[in-house]
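A structural walkthrough
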Amino acid sequence: MFEELKNAVVLITGGTRGIGRAVAQRFKEVGAKVYITGTSQEKTLKVAEELGVSGFKMDVSDREEVKKRVAEIVEVEGRIDVLVNNAGITKDSLFIRMKDEDWDRVVEVNLNGVYNVSRAVVPVMVKKRKGVIINISSVVGFTGNVGQVNYSATKSALIGFTKSLAKELGGRGIRVNCVAPGYITTDMTKKIPEKIKSELIKSIPLRREGEPKEVADACLFLASDMASYITGTTLHVNGGLF
């Protein structure tokens, strides 16, 4: 299974922990050539070594650095077959107390970062007339969430970005889809107080947290030939929460 992804060149942003790391591991398991990025050179190289993949520092909000790093991959591999736009941050606060810099930074990473990396990768895929782009959104992009106006706004924006880009690139053999995780066990969700966490789990029909691997499996499916007629859509991985 997934033989078509063997030796595929896969770029995963924000691949050092949580969902990104699980996605990298899953693609590595099927024989893909995986590249992960992170904001810390030391940590990224450490995780890359642990997973047996390639890694490098890249701030997705730095357009020039993104162009340089993508060019380096293409120089070595000649192509990028799959892009997983996973890098993202949170700077939670009630809107009335939100600092301008916290709004700006979340937009710079979560939305502009997806634009920057996609903008660098798309011409490479167009040239080959083949490729898959997977954007990691979130359940809160659909439901909203108290204290996450900035984060929710960026994750919602990715839906429109995905639908529009899918229409533009479909004729070039490139598919663009979203995965919207719900409550997944990551470093980000571990910060949630136990009382709130308990109530949240009660609201999930499957009555449990999701695992990063379950999101990774969704990404693997969308990148594979099993999803060859799927583009411009969002795959919800949230246990029935939404």
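Our subject in this report is the structure included herewith. Quick caveat, the model's predicted, so the values are computed rather than measured.

Along the backbone of the protein there are nine helices and seven strands. For 242 residues, the compact-globule estimate of 2.2 N^0.38 gives 18 Å, and the protein sits close to it at 17 Å. Along the longest, intermediate and shortest principal axes, the C-alpha atoms of the protein span 50 × 40 × 40 Å. Summarising the internal contacts of the protein: among those between residues at least 6 apart in sequence, 70% fall at separations of at least 24. Of the roughly 12000 Å² of accessible surface on the protein, 52% is carried by carbon and sulfur atoms.

Tracing the backbone shows Gly55 in strand S3 (residues 54-57). Note on Gly55: relative accessible area 18%, which makes it buried. Taking C-alpha positions, Gly55 is 29 Å from Gly141, a pair spaced 86 residues apart along the chain. In this structure, Gly55 is in contact with Ile36, Thr44, Leu45 and Ala48, ignoring residues within four places of it in sequence.

For the structure shown, the criterion picks out 15 salt bridges. Note that Arg69 is salt-bridged to Glu72, the shortest N-O span being 3.1 Å. Of the two residues, Arg69 and Glu72 both sit in helix H3 (residues 63-77), three residues apart, roughly one turn of that helix. Glu72 sits in the partly exposed class, given a relative accessible area of 31%. Across the pair Asp217 and Lys213 runs a salt bridge, and its minimum N-O distance is 3.0 Å. Taken together, the positions of Asp217 and Lys213, both in helix H9 (residues 212-223) and four residues apart, correspond to about one turn of that helix. Since its relative accessible area comes to 47%, Lys213 is described here as partly exposed.

Summarising the element assignment, Phe161 is placed in helix H7 (residues 149-169). With relative accessibility at 21%, the residue Phe161 sits in the partly exposed group. Residues Phe161 and Asn135, 26 residues apart in the sequence, show an inter-C-alpha distance of 9.2 Å. Every residue in contact with Phe161, bar those within four places of it in the chain, is listed here: Val114, Tyr115, Ser118 and Asn135.

The next thing to look at is a nonpolar patch on the surface. Where nonpolar side chains cluster on the molecular surface, the patch consists of Leu94, Ile96 and Val146 and spans about 360 Å² of accessible area. You can see Leu94 is positioned in the loop between strand S4 (82-85) and helix H4 (100-110). Classification of Leu94 by relative accessible area gives partly exposed; the value is 40%.

Attention now goes to the packing of H4 against helix H5 (residues 112-128). Two numbers describe a pair of packed helices, the interaxial angle and the distance between the axes. It is at 3 Å that the axes of H4 and H5 come closest, and there the two elements cross at 25 degrees. The orientation of H4 relative to H5 falls into the category roughly parallel. Mapping the contact onto sequence places Val107, Glu108, Val109 and Asn110 in H4 and Asn112, Gly113 and Val114 in H5. Across the contact of H4 with H5, the residue classes tally to three nonpolar, three polar and one charged.

Right, let's talk about the sheet that holds strand S7 (residues 234-237) for a bit. An order of S3-S2-S1-S4-S5-S6-S7 is seen for the seven strands of this open sheet, with the pairing classed as parallel. If you trace the sheet from one side to the other, it starts and ends with S3 and S7, each paired once. Strand-to-strand twist across the sheet, computed as the mean angle between neighbouring axes with direction ignored, equals 20 degrees. Sheet topology note: the S4/strand S5 (residues 131-136) ladder contains four bridges and is parallel. In the sheet register, Asn85 faces S5, and the bridge partner there is Asn135. The strands touched by H9 within the sheet are S4, S5, strand S6 (174-181) and S7, with S6 carrying the most contacts at an inclination of about 165 degrees.

Calculation rules
- Just so you know, the residues in each chain are numbered from 1, in the order the chain's sequence is written.
- Since the coordinates come from a predicted model, pLDDT governs what is reported: local features require at least 70, and pairs of side-chain atoms require 80 or more to be given and counted, while whole-chain, interface and lining totals use all residues.
- Derived side-chain values reflect all non-hydrogen atoms in the structure, with water molecules and hydrogen atoms excluded from consideration.
- Here a strand is any run of E in DSSP of at least two residues, a helix any run of H or I of at least four, and the numbering for each starts at the N terminus.
- Radius of gyration: over C-alpha atoms. The globule rule applied is 2.2 Å multiplied by the number of residues raised to the 0.38 power.
- Note on contacts: a residue pair qualifies if any of its non-hydrogen atoms lie within 4.5 Å across the two residues.
- Note on areas: Shrake-Rupley with a 1.4 Å probe; residue coverage comes only from the protein chains shown.
- Throughout, exposure labels follow a simple rule: accessible area from a 1.4 Å probe, protein chains only, divided by the maximum for the residue type, with under 20% read as buried, over 50% as exposed, and the rest as partly exposed.
- Any carboxyl oxygen of Asp or Glu that lies within 4 Å of a side-chain nitrogen of Lys or Arg is treated as forming a salt bridge with it.
- Only residues whose relative accessible area exceeds 30% and that take part in no salt bridge are eligible for patches, with like-charged residues grouped when within 9 Å of each other and nonpolar side chains (Val, Leu, Ile, Met, Phe, Trp, Tyr) grouped when within 5 Å.
- Axes, fitted as lines to C-alpha atoms, cover a helix only where it is in contact. Angles between the N-to-C directions of the axes lie from 0 to 180 degrees.
- Any angle that falls under 35 degrees is termed roughly parallel, while one over 145 is termed roughly antiparallel, one within 65 to 115 roughly perpendicular, and all others oblique.
- Here the term charged refers only to Asp, Glu, Lys and Arg, the term nonpolar to Ala, Val, Leu, Ile, Met, Phe, Trp, Tyr, Cys and Pro, and the term polar to all other amino acids, Gly among them.
- For two strands to pair, DSSP has to find at least two bridges joining them.

Functional significance is not addressed by these values, which are geometric in nature.
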